[in-house]
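An overview of the molecular structure
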Amino acid sequence: MNAALPPSALQRRVIRELPDELISQIAAGEVVERPASVVRELVDNALDAGATQITLRLLAGGVRLIAVEDDGGGIPMEELPIALKRHATSKISNLQDLESVGTMGFRGEALAAINSIADMAILSRATGQSNAFLLDGRSGELKPVARSTGTTVEVKELFFSTPARRKFLKTDATELAHCVEAVRRHALARPDVGFAIWHEGKLVEQWRACPAPSNIDAISARLRDVLGDDFADRSVAVDHRSSMRDDGGQAVRVWGRVGIPDAARARPDQQFAYVNGRFVRDKVITHAARSAYEDVLHGQRQPIYALYVEIDPTRVDVNVHPTKIEVRFRDSREVHQAVRRAVDAALAAPRAAAALATPTNPESPAPDFFKENRPPAQVPPAQAAMQFVAPITHHRVSDMEALWPIQPAAAVPRPESAPPPAQPLPATEVWPLGRAIAQLQGIYILAENAQGLVIVDMHAAHERIVYERLKTQLVDARITSQPLLIPVTFAATPQEVATAEAHTEALATLGLEITPFSPKTLAVRAVPTSLVQGDATELARSVLAELAQHEASTVIQRAQNELLGTMACHGAVRANRRLTVDEMNGLLRQMETTDRSDQCNHGRPTWRQITIKELDALFMRGR
């Protein structure tokens with residue numbers, strides 16, 4: 001084997017200390033992947049300097065020029081040469097500062113790394129200084145120039161000293177798109193700062209600062225500016241604060257906006273998560289948000305959201321990755337639960353009432369017959385009604401009256417002549433889903449509301465109602481554990497054994513008892529009562545895998561919800577069942593008060609709105 005190796009491989013190489021420039025170039029390989037990496041680091045520094053306006057100028061997608069201008073506090077003349085040295089920073093000075101980082105940057109290696117692979121210059125004027133100074137990164141020359149307070153960092157000919165890295169860059173359009181995305185992520189976190197992006201002398205994007213009385217209003221305005229009206233209109237607000245910890249520490253706050261299930265996309269390209277103002281890609285947050293959508297999304301659709309997590313800086317480690325895009329939580333379960341509960345609560349409220357609050361034509365008030373739960377006034381027919389079906393004398397849903405108590409309507413006598421002018425009904429209540437007017441093919445309920453026509457899939461709607469009731473009953477009851485007469489053993493990996501030993505209490509709260517049977521075998525001794533007929537080994541493996549990755553598991557809840565979903569599907573009213581108008585109205589009223597009633601538990605919609613404007617367009621009215 002050794003004969004096949006080249007002679008140089010057999011010779012021992014001397015251990016030597018690397019030169020500073022090579023060290024910086026190696027660090028640049030971790031920090032600077034493409035022009036967007038430089039943009040991210042420089043915008044981080046601008047925000048830390050207190051900038052209120054940041055302008056980015058690019059040439060050739062950032063390869064030929066990246067210039068970041070800000071109006072922050074600037075850098076004093078005597079500190080400019082130090083700024084380009086490795087591990088030089090003003091953000092931290094000791095271990096305590098590192099463990100409670102509150103700034104975007106802190107590692108002190110970005111400027112040195114960028115300077116080692118590009119032609120760099122810094123132009124800055126600190127607050128209180130009479131002149132600005134220009135530092136040439138290559139020669140170290142420092143000279144006075146004219147500039148207002150703030151800093152401009154210019155990076156030219158990226159990767160000129162490492163041409164091999166330059167070959168891996170994509171087209172100018174692709175690199176520009178990545179640079180815009182990097183600024184967009186900052187813009188979503190800082191609505192108080194204005195951003196402008198220029199490319200080849202043309203304005204590409206501009207987001208003005210959003211003054212607002214509260215941070216939530218400012219973020220909502222910035223989300224509309226950056227992500228568009230579609231995101232803002234098809235999302236709901238989130239604002240949740242977890243309970244105080246046992247040690248009296250700061251609670252976790254989760255706020256932002258999450259998209260409704262109908263706004264889900266094929267790709268996860270509109271998922272933004274921030275921890276203390278820093279954009280991150282975190283598996284705990286992603287898993288928690290996705291699990292909240294489990295029974296309202298169809299198939300593999302991806303939700304959209306912009307979530308902001310506020311947590312005690314000492315309970316999160318941001319010094320995990322050179323690009324600072326990954327974090328590690330001290331208590332992942334706490335964050336997972338806070339995010340999941342926040343998103344789940346935001347998605348629970350039925351959206352029918354919100355849709356009715358924004359009518360298509362706001363100048364036209366809702367007709368009186370949408371108000372107050374009472375039958376419409378009887379009027380003499382202009383001609384005999386056409387009989388589409390034979391009179392229904394049977395096939396009523398037996399449990400409808402138990403689910404929705406129907407208030408008997410007062411008998412309204414049929415007038416023999418033209419009725420007097422109708423008295424306006426008191427505006428006491430508005431029905432978001434309107435009043436039922438017909439049933440179509442025994443499948444759909446047609447209802448009329450202030451906006452137009454509502455079409456309801458009665459089986460999907462009733463399935464969600466029954467499903468939510470079963471879930472409520474299960475939540476009220478503690479998960480009971482059923483000991484197995486004969487423990488189920490299975491071969492386990494070292495990680496599974498370690499997870500089972502470390503999360504004994506968490507497993508117990510989920511109704512599971514998993515103990516080591518041997519160094520390489522685990523035994524399942526108890527499972528949740530509701531899942532006693534399932535595969536204990538598969539259940540245990542799934543729970544342990546989630547606990548190992550996220551320190552929290554929703555496997556038990558998912559399995560129980562699947563059982564409840566099957567029960568709800570079989571217990572819901574079937575297609576081709578004829579309902580009376582009172583039964584249909586009862587179903588509509590129940591939908592208006594049931595959580596997540598806009599989708600069935602398989603993620604399919606339960607109702608759709610067709611506005612008068614859309615109906616007019618179908619028949620070309622007004623043309």
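Residues numbered from 1 in each chain as written. Predicted model: local features only at pLDDT ≥ 70, side-chain atom pairs only at ≥ 80, totals over all residues. Heavy atoms only, no water.

**Structural notes on the overall build of the protein**
To keep it simple, the criterion reads: Each helix corresponds to a stretch of at least 4 residues labelled H or I by DSSP, and each strand to a stretch of at least 2 residues labelled E; elements are numbered beginning at the N terminus. Relative accessibility thresholds used throughout: buried, under 20% of the residue-type maximum; exposed, over 50%; partly exposed, between the two (1.4 Å probe, protein chains only).
In terms of helices and strands, the protein carries 21 helices and 22 strands. The buried share of the protein, taken over its 623 residues, is 44%.

**Overview of the sheet that holds strand S2 (residues 65–70)**
Rules: Strands were regarded as paired on the criterion that DSSP finds at least two bridges between them. For every element, the axis is a line fit to its C-alpha atoms; helices are fit only across the contacting stretch, and the angle between N-to-C directions ranges from 0 to 180 degrees.
With mixed pairing, eight strands are arranged side by side in an open sheet as S5-S4-S3-S6-S2-S1-S7-S8. Strand pairing shows two members of the sheet lacking a second neighbour, strand S5 (142–145) and strand S8 (202–207), which therefore form its edges. When strand polarity is set aside, the average angle formed by the axes of neighbouring strands in this sheet is 15°. Strand direction decides the pairing type here: strand S1 (residues 53–59) and S2, joined by six bridges, are antiparallel. Within S2, the residue paired with leucine 56 across the bridge is valine 68.

**Quick word on the nonpolar core**
Selection criterion: As used in this record, nonpolar core signifies buried Ala, Val, Leu, Ile, Met, Phe, Trp, Tyr and Cys residues forming a set joined through side-chain atoms within 4.5 Å. In what follows, a contact means two residues having at least one pair of non-hydrogen atoms within 4.5 Å.
Within the largest apolar cluster, 59 residues are counted, with the highest numbers of intra-cluster contacts made by Val39, Leu42, Ile54, Ile66, Val155 and Phe195. Broken down by element, the residue count for this core peaks at eight residues, all from helix H8 (residues 172–189). When sequence neighbours within four positions are dropped, the list of residues in contact with leucine 42 reads Ile66, Val68, Leu111, Ile114, Val153 and Val155. Formed by 32 residues, the second largest nonpolar core is a distinct cluster that contains Val101, Phe106, Val258 and Val343.

**A few points about the packing of aromatic side chains**
Note the following rule: Aromatic pairing here means that ring centres of Phe, Tyr or Trp (its six-membered ring) are within 6.5 Å. Orientation follows from the plane angle: under 30 degrees is stacked, over 60 is edge-to-face, and everything else is tilted.
Applying the stated criterion across every chain yields a total of four aromatic pairs. Both rings, one in tryptophan 255 and one in tyrosine 308, keep their centres 4.9 Å apart while their planes meet at 25°; by these two values the pair is stacked. In this pair, tryptophan 255 sits in strand S10 (residues 253–259) while tyrosine 308 sits in strand S13 (residues 305–310), placing the two residues 53 residues apart along the sequence. When its relative accessible area of 5% is taken as the criterion, tyrosine 308 is described as buried.

**Some thoughts on the pattern of salt bridges**
Keep this limit in mind: By definition here, a salt bridge exists when the distance from a side-chain nitrogen of Lys or Arg to a carboxyl oxygen of Asp or Glu is within 4 Å.
Taken as a whole, this structure holds 26 salt bridges when the rule is applied. A salt bridge links aspartate 262 to arginine 608, with the nearest nitrogen and oxygen atoms 3.3 Å apart. In this pair, aspartate 262 sits in the loop between S10 and strand S11 (271–275) while arginine 608 sits in strand S22 (residues 607–611), placing the two residues 346 residues apart along the sequence. Among the ionic pairs, arginine 267 bridges to aspartate 269, the shortest N-O distance being 3.2 Å.

**A look at unusual backbone geometry**
Despite not being glycine, glutamate 200 has its phi angle at roughly 55°, a positive value. Tracing the chain through its elements places glutamate 200 in the loop between strand S7 (194–199) and S8. With relative accessibility at 40%, the residue glutamate 200 sits in the partly exposed group. Of note in this structure, asparagine 276 is not a glycine but carries a positive phi near 50°. Secondary-structure assignment places asparagine 276 in the loop between S11 and strand S12 (278–280). Since its relative accessible area comes to 34%, asparagine 276 is described here as partly exposed.

**A closer look at the sheet that holds S22**
On the basis of which strands lie adjacent, the open sheet formed by four strands has the order S16-S17-S18-S22 and antiparallel pairing. The open sheet has two edge strands with one neighbour each: strand S16 (435–440) and S22. Going across the sheet, the axis of each strand differs from the next one's by a mean of 25°, ignoring polarity. Relative to strand S17 (residues 444–449), S16 runs antiparallel, the two sharing five bridges. Counted as the bridge partner of alanine 438 is leucine 446 from S17. Along the sheet face, helix H20 (residues 581–593) touches S16, S17, strand S18 (452–457) and S22 and points at about 115° away from the line of S16.

**Regarding the packing of H8 against helix H9 (residues 215–227)**
Two quantities define a packed helix pair, namely the angle between the axes and the distance from one axis to the other. Note the cut-off: An angle below 35 degrees is read as roughly parallel, one above 145 as roughly antiparallel, one from 65 to 115 as roughly perpendicular, and any other as oblique.
The interhelical angle for the contact between H8 and H9, taken along N-to-C directions, is 160°, at an axis separation of 8 Å. When the axes of H8 and H9 are compared, the pair comes out roughly antiparallel. Across the interface between the two elements, Arg184, Ala187, Leu188 and Ala189 of H8 pack against Ile219, Arg222, Leu223, Val226 and Leu227 of H9.

**Observations concerning the environment of leucine 18**
Within the element layout of this structure, leucine 18 appears in the loop between helix H1 (7–10) and helix H2 (20–31). Dropping the residues within four chain positions of it, leucine 18 is found in contact with Ile23 and Ile26.

**Re the confidence of the model for the protein**
Heads up, the rule is: For every residue, the predictor assigns a confidence score, pLDDT, that lies between 0 and 100.
When pLDDT is averaged along the protein, the result is 81; 82% of the residues meet or exceed 70. Element-level pLDDT for the protein is lowest in helix H14 (residues 400–403), with a mean of 40, against a maximum mean of 97 in S7. Under a pLDDT of 50 for its full length, residues 359–428 has, in the predicted model, 65 contacts with residues more than four places off or in other chains.

**A word on H8**
Inclusion rule: For a helix, the expected span equals 1.5 Å multiplied by the number of residues minus one.
If you check H8, its first and last C-alpha atoms are 27 Å apart, about what 18 residues at 1.5 Å a residue would give, namely 26 Å. Along H8, the residues that are buried comprise Glu175, Leu176, Cys179, Val180, Glu181, Ala182, Val183, Arg184, His186, Ala187, Leu188 and Ala189.

**Focus on the pairing of S22**
Only one face of S22 is buried: it carries Trp607, Gln609 and Thr611, and the other face, with Arg608 and Ile610, is open. Inspection of the sheet shows S18 paired to S22 by five bridges, in the antiparallel sense. Among the inter-strand pairings, isoleucine 455 is bridged to a residue of S22, identified as arginine 608.

**Points about the packing of helix H3 (residues 35–48) against H8**
Filter applied, for reference: Note on convention: the crossing is left-handed when the near helix lies turned anticlockwise from the far helix by less than a right angle, right-handed when the turn is clockwise. Classification used: nonpolar for Ala, Val, Leu, Ile, Met, Phe, Trp, Tyr, Cys and Pro, charged for Asp, Glu, Lys and Arg, polar for all others including Gly.
In contact at an axis separation of 8 Å, H3 and H8 are set at 25° when each is read in the N-to-C sense. Classified by the angle between their axes, H3 and H8 sit roughly parallel to one another. Relative to H8, the crossing made by H3 is right-handed. Between H3, through Pro35, Ala36, Val39, Arg40, Val43, Asp44 and Leu47, and H8, the contact on the second element is made entirely by Glu175, His178, Cys179, Ala182, Val183 and His186. Along the lines of polarity and charge, the residues of the contact of H3 with H8 split into eight nonpolar, two polar and three charged.

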